[in-house]
Protein chains: 2
Amino acid sequence: MGAHEEICSRVLKAITPKPEERQKVMSMAESIMGRLRDLLEAEGVKAEVRLEGSLAKDTWLSGEADVDIFVRFRPDVPKEFFKTRFLELAKEATKGLRHVERYAEHPYLECLADGVRVNVVPCYDVRPGGWLSATDRTPYHTDFIKANLPDRLKGDVRLLKKFMKGIGAYGAEIKVGGFSGYLCELLVIYYGGFLEVLKGALRWRKGALIDLAGHYEGREEEAREFFRHHLIVVDPVDPFRNVAAPVRLEKMCLFMAAAREFLLRPSDAFFFPPKPGPPALQELRGMLRARGTSLLAIYTRVEGMAPDVLWGQVFRTLRALRGTLGRAGFEVLRTAGWSDEQEHCVLLIELASSRLPPVVKKVGPPVWVEEHVERFLRKNMADPGLVSGPYVEGDRWVVLVKRKWPYAKEFLVKNLSEQGGRQIGVAPLLAKCVEEGFQVLEGEELAELCGKLKGFPEFLRDFLVGRPAWLAGRSWEAG
Amino acid sequence: MGAHEEICSRVLKAITPKPEERQKVMSMAESIMGRLRDLLEAEGVKAEVRLEGSLAKDTWLSGEADVDIFVRFRPDVPKEFFKTRFLELAKEATKGLRHVERYAEHPYLECLADGVRVNVVPCYDVRPGGWLSATDRTPYHTDFIKANLPDRLKGDVRLLKKFMKGIGAYGAEIKVGGFSGYLCELLVIYYGGFLEVLKGALRWRKGALIDLAGHYEGREEEAREFFRHHLIVVDPVDPFRNVAAPVRLEKMCLFMAAAREFLLRPSDAFFFPPKPGPPALQELRGMLRARGTSLLAIYTRVEGMAPDVLWGQVFRTLRALRGTLGRAGFEVLRTAGWSDEQEHCVLLIELASSRLPPVVKKVGPPVWVEEHVERFLRKNMADPGLVSGPYVEGDRWVVLVKRKWPYAKEFLVKNLSEQGGRQIGVAPLLAKCVEEGFQVLEGEELAELCGKLKGFPEFLRDFLVGRPAWLAGRSWEAG
């Protein structure tokens, strides 16, 4: 048995649910479903109550069961019903469990019982293509996987999911922008096994196309043109849907990079990355001091935003700030967002330097563009910040002038103080939060945040190290 | 009379030679030519002795007479004769004058008498197109101007030449890269006057084409394709020669810029720029200290190089250093060269900052380029300068590493110490000088050079100010 197989079999043992766990979760699911069926019958509503998701497909990971119960209504049930009476019935059926309110496009109920998450989700019983709500496809997905995933590949799906989790590429939510469970199942069916998926991914390029059901057979370019995405996995139950649409390029590539490394230098760390506890404040201070770059953090409170909305705002804002800071002359090395998804949010921006040379070269118009030349000369010769020139360089008028914002922290504070930074690209909902209050911290000042934000010190340490755990293996030292 | 005409007439009075000066210079020319004719006859050589240049064309400036005497030999005289017997005869004919040795492609004799320069130059009497030496065209140029420049435009030529001198655009030598006297004459003939040349120049763009003799009539694009230059003035006596070939883009544009300014805001400063004496050392130190940029100077001795060779080396080197320093991450704002053309040379480089952030982002290969990824990871994970990563950004592996040369002065000193800086682009002959010894000075250290180099303090002051004298007029303050 090779090193890969040995590791896989060891991991599989740890992540496959044992009979007792299986028993416990399934009986909880059955009992809720039974109660739901009774309540719906008493209500006089015709609806099918089904178990969906990884539990139904038997691809769930031990200790991480999600009970997804779908209630499939006939198309003539008004959507309003989902938000009102349906939620009441669902709450009734799950009486005794802790209910969590969810703000999603689609109303559903989330409950917690013994560390198991139970979702009760309404959907419509429609034919493929006639989708009335976002969740109508799910029963078809379940059916497709049940029909096409042989028992012998269920372990491979579990391995792939665990691998994705280990490298931080699991989940279609915006925070992750990675691979959903359904996508993992489709990949295992397509390539025929866990290691086969890894090997297959090495051949991916931008525009990789996987079309299990052959919806686009012989029309691959058409599919690429239609979906326009770096990774396209056509949904077997819906030719107009790309199951990989939520996968960001970076996550696609992170997976490809990890796949390559695992095949070359297998290790348990891909599945079970070491999780060192929070770093000591002293240690973090030392790392920040020794780094040589400028690390800036924008802190703000973000209560009451749904996670997908929050992360959408965070990523949009970071992208915009990279642009704004770049145009202001700062060299942005890296950005990242952190949030507990409840209360706090931190935008991290690492600059080569937060202080720029105080003088900047302004290249003006070519000497022959009359009106522009006149305006350029007038403006700059009257500028009290003029350092040198105007002079002719090549075919253009040029001046050296004092830089307006040589210090990034001041630039940020100034701009965030005006309309929450909307004019430098802070996304609207986040700008509202910033208007309520914000802090900009630099370098060792970040230690202040570490004291008050649970989970942030670990995040900051990982950000500073940069290197994924699975890259830091022993075999490199030898090379 | 408008402001322009008033200024022009005042300037013209100052620069037109008075009868006494004319008399003196012409009689000197006649006497040398007479002696030369006698000597050549005694030698038994058939040759025509002619007066050429601005004296012959009556376009010279008072106080700046150049006596250009050409000896036109028949084509069967060997070139060897020019270098040997001819130079002896020329020396004999100019006995009593101070002789200056000249290292040009073409041998000739330069003498100085009473502040008047006398050149005795050999050439061949050939038909246009059958050129045997670089100076054979000159008599044809003289004849063309004599035949085509009406007396009433001679003052206009003088004004244009003086204007070019005033703004630093006069002369085809490499140091200047500007407009020769012959080019000024052609422009005045073409446009019909001094102010007309200025107005005409405003319409120039890259690829401007002036073809007095109509060599390329109806085939203008062909001419542009053949000459491939930003300013093309076809030589009336040689359709294959661009009289404006030595004009650098920057000098073409400097002239256009100055022309525009003079037409808008005329002033004597264009012709007679104020020449303040050398600045006090204290003043220069203050300017250097307050500037906010980093000024670096490379000093070396350059004895025994002909000016055109020296300046060629200087400009090549500056261009290369802009590239090398730029690739090393430094932002080069401006460069300039200074030399007394005898002994000393200074290369000036102004950087936004001579110190760069100590950390640099290295963007590696896309994750799917197998061999490059392996090499990139191996190399960087073993690098003791690794600061963060490797991590995946977009579709690529990236690291943050310590910058190798964060300090420009050290970068220069290190590289100039190896083969005189050939590997960072110092031109070969200059590199030889650098190998003999060099200094790199920064900021206030430049004051050291000011003490020992005559003329350098003025140059440095002008460089720091940047703004041409003719731009600094009163009318701007009002705007």
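What counts and what doesn't
Residues numbered from 1 in each chain as written. Chains lettered and ligands numbered in written order. Predicted model: local features only at pLDDT ≥ 70, side-chain atom pairs only at ≥ 80, totals over all residues. Heavy atoms only, no water. Pairing = 2+ DSSP bridges. Helix = DSSP H or I, 4+ residues; strand = E, 2+ residues; numbered from the N terminus. Axes fitted to C-alpha atoms, helices over the stretch in contact; angles between N-to-C directions. Contact = heavy atoms within 4.5 Å. Buried < 20%, exposed > 50% of the residue type's maximum accessible area, 1.4 Å probe, protein only. Expected span 1.5 Å × (residues − 1). Arc of directions from axis to C-beta. Polar contact = N/O pair within 3.5 Å; in protein donor to acceptor, adjacent residues only side chain to side chain. Salt bridge = Lys/Arg side-chain N within 4 Å of Asp/Glu carboxyl O. Nonpolar A, V, L, I, M, F, W, Y, C, P; charged D, E, K, R; others polar. Phe/Tyr/Trp six-rings, centres within 6.5 Å; stacked < 30°, edge-to-face > 60°. Parallel < 35°, antiparallel > 145°, perpendicular 65-115°, else oblique. Left-handed = near helix turned anticlockwise from the far one by under 90°.

(A) Spatial organisation of the sheet that holds strand 3 (residues 98-100) of chain A. Residues and elements named next belong to chain A. If you walk across this open sheet you meet the 5 strands as 1-2-5-4-3, and the pairing is mixed. The open sheet has two free edges, formed respectively by strand 1 (47-52) and strand 3, since each of these has just one partner strand. Each strand of the sheet is rotated relative to its neighbour by a mean of 25°, with strand direction disregarded. In this structure, strand 3 lies alongside strand 4 (residues 109-113), joined through 3 bridges in antiparallel fashion. If you follow Arg 98 over to strand 4, its bridge partner there is Leu 112. Here helix 5 (residues 138-148) sits on the sheet in contact with strand 1, strand 2 (66-73) and strand 5 (116-124), set at roughly 50° to strand 1.

(B) Quick look at the pairing of strand 5 of chain A. Residue and element names in this part refer to chain A. For strand 5, a buried count of 8 out of 9 residues is recorded, marking the element as mostly surrounded by other parts of the structure. Two strands pair when backbone bridges link them, and strand 2 and strand 5 are joined in this way by 8 bridges, in the parallel orientation. The residue bridging Ile 69 from the neighbouring strand is Val 120, located in strand 5. Where strand 4 and strand 5 come together, 5 bridges link them in antiparallel fashion. Paired with Cys 111 across the strands is Val 118, a residue of strand 5. From the end of strand 4 to the start of strand 5, which pair antiparallel, there are 2 residues, and Asp 114 there has a positive phi angle of about 55°.

(C) Quick look at helix 12 (residues 307-327) of chain A. All names here are of chain A. Along its 21 residues, helix 12 runs 30 Å from first to last C-alpha, staying within 8% of the 30 Å computed at 1.5 Å per residue. Among all positions in helix 12, only Leu 310, Trp 311, Gln 313, Val 314, Thr 317, Leu 318, Leu 321, Thr 324 and Leu 325 are buried. Around the axis of helix 12, the buried residues are gathered within 155° of arc, so they sit on the same side. Opposite the buried face of helix 12, at more than 90 degrees from it, the exposed residues are Arg 319 and Arg 327. The inward-facing, buried residues of helix 12 contact strand 9 (294-301), strand 10 (332-339), strand 11 (344-351), helix 14 (408-416) and helix 15 (428-436). Within two residues after helix 12, Gly 329 carries a phi angle of roughly 105°, on the positive side.

(D) Broad picture of the environment of Glu 303 of chain B. All names here are of chain B. Position of Glu 303 among the secondary structure elements: in the loop between strand 9 (294-301) and helix 12 (307-327). Sequence spacing of Glu 303 and Glu 341 is 38 residues, and the spatial spacing of their C-alpha atoms is 8.1 Å. For Glu 303, the contacting residues outside a window of four places in its chain are Gln 342 and Glu 343. Side-chain polar atoms of Glu 303 contact the side chain of Arg 301, separated by 2.9 Å.

(E) Molecular detail of helix 10 (residues 249-264) of chain B. Taking 1.5 Å of rise per residue, the 16 residues of helix 10 of chain B would be expected to cover 22 Å, and the 23 Å separating its terminal C-alpha atoms lies within 8% of that figure. Here helix 10 of chain B lies mainly inside the structure; 13 of its 16 residues are buried.

(F) Just unusual backbone geometry, in detail. Residue and element names in this part refer to chain A. For the bond from Gly 389 to Pro 390, the omega torsion is 0°, close enough to zero to count as cis. Its identity as a non-glycine residue notwithstanding, Asp 58 has a phi of 55°, on the positive side. In this fold, Asp 58 is placed in the loop between helix 3 (53-57) and strand 2. Its identity is not glycine, yet Gln 419 carries a phi of approximately 55°, on the positive side. Relative to the elements of secondary structure, Gln 419 occurs in the loop between helix 14 and helix 15.

(G) Geometry of the interface of chain A and chain B. Each partner contributes to the interface: chain A provides 60 residues, whereas chain B provides 60 residues. Linking chain A to chain B there are 8 salt bridges. For the salt bridge of Asp 395 of chain A with Lys 206 of chain B, the shortest nitrogen-to-oxygen distance reads 3.0 Å. Joining chain A to chain B, the criterion identifies 20 residue pairs in polar contact (both at pLDDT 80 or more). Broken down by class, the residue content of the side of chain A that touches chain B amounts to 35 nonpolar, 8 polar and 17 charged.

(H) How the structure looks around the pairing of strand 14 (residues 396-402) of chain A. All names here are of chain A. Of all the 7 residues making up strand 14, 5 are buried; the element is thus mostly covered by neighbouring parts of the structure. With 6 bridges joining them, strand 12 (residues 359-366) and strand 14 adopt antiparallel strand pairing. Across the sheet, Val 363 pairs through a bridge with Val 398, a residue of strand 14. Relative to strand 14, strand 13 (residues 386-393) is paired through 5 bridges, and the arrangement is antiparallel. Across the sheet, the residue bridging to Tyr 391 is Val 398, located in strand 14.

(I) Representation of the packing of aromatic side chains in the model. Residues and elements named next belong to chain A. Counted by the stated rule, this structure contains 58 aromatic pairs over all chains. Geometrically, the ring pair formed by Phe 163 and Phe 255 is edge-to-face, given 6.1 Å between the ring centres and 80° between the ring planes. Of this pair, Phe 163 sits in helix 6 (residues 154-167) while Phe 255 sits in helix 10 (residues 249-264), and the two are 92 residues apart along the sequence. Overall, the relative accessible area of 0% leaves Phe 163 in the buried class. With a centroid separation of 6.2 Å and 70° between ring planes, the pair formed by Trp 405 and Phe 411 is classed as edge-to-face. The class for Trp 405 is partly exposed, based on a relative accessible area of 23%.

(J) Region of the structure containing the packing of helix 5 (residues 138-148) of chain B against helix 7 (residues 181-191) of chain B. Residue and element names in this part refer to chain B. Between helix 5 and helix 7, the shortest axis-to-axis distance is 11 Å and the interhelical angle comes to 30°. One finds that helix 5 runs roughly parallel with respect to helix 7. Relative to helix 7, the crossing made by helix 5 is left-handed. In contact with His 141, Phe 144, Ile 145 and Asn 148 of helix 5, helix 7 contributes Tyr 182, Glu 185, Leu 186 and Ile 189. Of the residues belonging to the contact of helix 5 with helix 7, the class tally is 5 nonpolar, 2 polar and 1 charged.

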